[in-house]
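Here is how the chains run, residue by residue.
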Amino acid sequence: MPSRKRHLEFDEYLRKKGVIYADTDGNSVHARMDRGSKIYADAHRDLDYFHSDSGIRDYVDQIMNSIGTIYHETATDYVRIAYGHRCLDYMASKLKRQYGCTYNELDWKTVYRRTWKYFKYLGFHRTYYRRRD
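Okay, so let's go over this structure. Owing to the predicted nature of the structure, the values given are computational and were not obtained by experimental measurement.

## Details of the nonpolar core
For step 1, the next point in the chain: Membership of the largest hydrophobic core comes to 35 residues, with the highest contact counts inside it found for Leu-14, Val-29, Val-60, Leu-106, Trp-108, Val-111 and Phe-119.
For step 2, the next point in the chain: For this core, the secondary structure elements donating two or more residues are helix H1 (4-16), helix H2 (27-34), helix H5 (53-67), helix H6 (72-99) and helix H7 (108-121).
For step 3, the next point in the chain: Here this core gets 11 residues from one element, more than from any other, and that element is H6.
For step 4, the next point in the chain: When neighbours within four sequence positions are excluded, Val-29 is seen to be in contact with Tyr-59, Tyr-78, Ile-81 and Ala-82.

Set out below in structure tokens:
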């Protein structure tokens, strides 16, 4: 799975594409997304509840309920960052297997470009946070 540094670099890629705001810090989102990796290892993408659509939205709901002053745009950024995290995990793993190399040997510019295409294909660039009532 890609390092936190690679996830934060992809966040920067999303900022340049205008998908998330410049001042949104996704570090806490990535920390939450990676928490399951200690339990499930590489299978955390499939087994960790917080990698699912419901899990992502529940996590952002928890933030909204605990902080209370978070802007809707920031909550939307958190959802998009989580989906970006998920897409980057998937694409990096796929390319690693395809090329038979390690994560360190990947061309990360290519990984980010392919992840962006996949992210857009899934429609995540148009995803908005909707509070559950």
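## A word on H7
For step 1, the next point in the chain: In this model, H7 (14 residues) spans 19 Å end to end at C-alpha, consistent with the 20 Å of a helix rising 1.5 Å per residue.
For step 2, the next point in the chain: The complete set of buried residues in H7 reads Trp-108, Thr-110, Val-111, Tyr-112, Thr-115, Trp-116 and Phe-119.
For step 3, the next point in the chain: Tucked into the core, H7 has its buried residues touching H1 and H6.
For step 4, the next point in the chain: Backbone geometry just downstream of H7 places Gly-123 in the positive-phi region, at approximately 80°.

## Topic: a positive patch on the surface
For step 1, the next point in the chain: Together, Lys-94, Arg-97, Lys-109, Arg-113, Arg-114 and Lys-117 make up a region of like positive charge exposed at the surface.
For step 2, the next point in the chain: Residue assignment for the positive patch shows that the elements contributing at least two residues are H6 and H7.
For step 3, the next point in the chain: It is H7 that contributes the most residues to the positive patch, four residues altogether.
For step 4, the next point in the chain: On the basis of relative accessible area, Lys-117 is assigned to the exposed category, the value being 60%.

## Thoughts on the packing of H6 against H7
For step 1, the next point in the chain: Where H6 meets H7, the closest approach of the two axes is 9 Å, and the angle between their N-to-C directions is 125°. Between H6 and H7, the angle falls in the class oblique. In this structure, the crossing between H6 and H7 has a hand that is right-handed. For the pair H6 and H7, contact is made by Arg-80, Tyr-83, Gly-84, Cys-87, Leu-88, Tyr-90, Met-91, Ala-92, Leu-95, Gln-98 and Tyr-99 and by Trp-108, Val-111, Tyr-112, Arg-114, Thr-115, Tyr-118 and Phe-119, respectively.

## A few points about the packing of aromatic side chains
By convention here, two paired aromatic rings are described through the distance between centres and the angle between planes.
For step 1, the next point in the chain: Within this structure, the stated rule accounts for 11 aromatic pairs.
For step 2, the next point in the chain: Pairing Phe-119 with Phe-124 gives two aromatic rings, centres 5.8 Å apart and planes at 65°, and the pair type is edge-to-face.
For step 3, the next point in the chain: Here Phe-119 falls in the buried class, since its relative accessible area comes to 0%.
For step 4, the next point in the chain: Classification of Phe-124 as buried rests on a relative accessible area of 9%.
For step 5, the next point in the chain: Following the ring pairs from residue to residue traces out a cluster consisting of Phe-10, Tyr-13, Tyr-83, Trp-108, Tyr-112, Trp-116, Phe-119 and Phe-124.
For step 6, the next point in the chain: Directly above the aromatic system of Phe-50 lies the positively charged group of Arg-32, at a separation of 3.6 Å from the ring centroid.
For step 7, the next point in the chain: Over the ring of Tyr-103 we find Lys-96; its NZ or CZ atom is 5.0 Å from the centre of that ring.

What counts as what
- Residues numbered from 1 in each chain as written.
- Predicted model: local features only at pLDDT ≥ 70, side-chain atom pairs only at ≥ 80, totals over all residues.
- Heavy atoms only, no water.
- Core = buried A, V, L, I, M, F, W, Y, C linked by side-chain atoms within 4.5 Å.
- Buried < 20%, exposed > 50% of the residue type's maximum accessible area, 1.4 Å probe, protein only.
- Helix = DSSP H or I, 4+ residues; strand = E, 2+ residues; numbered from the N terminus.
- Contact = heavy atoms within 4.5 Å.
- Expected span 1.5 Å × (residues − 1).
- Patch = residues over 30% accessible without salt bridge, like charges linked within 9 Å, V, L, I, M, F, W, Y side chains within 5 Å.
- Areas by Shrake-Rupley, 256 points an atom, 1.4 Å probe, with all protein chains shown as cover.
- Salt bridge = Lys/Arg side-chain N within 4 Å of Asp/Glu carboxyl O.
- Lys, Arg positive; Asp, Glu negative; His and termini not counted.
- Charge placed at Lys NZ, Arg CZ, Asp CG, Glu CD.
- Axes fitted to C-alpha atoms, helices over the stretch in contact; angles between N-to-C directions.
- Parallel < 35°, antiparallel > 145°, perpendicular 65-115°, else oblique.
- Left-handed = near helix turned anticlockwise from the far one by under 90°.
- Phe/Tyr/Trp six-rings, centres within 6.5 Å; stacked < 30°, edge-to-face > 60°.
- Lys NZ or Arg CZ within 6 Å of the ring centre and 35° of its normal.

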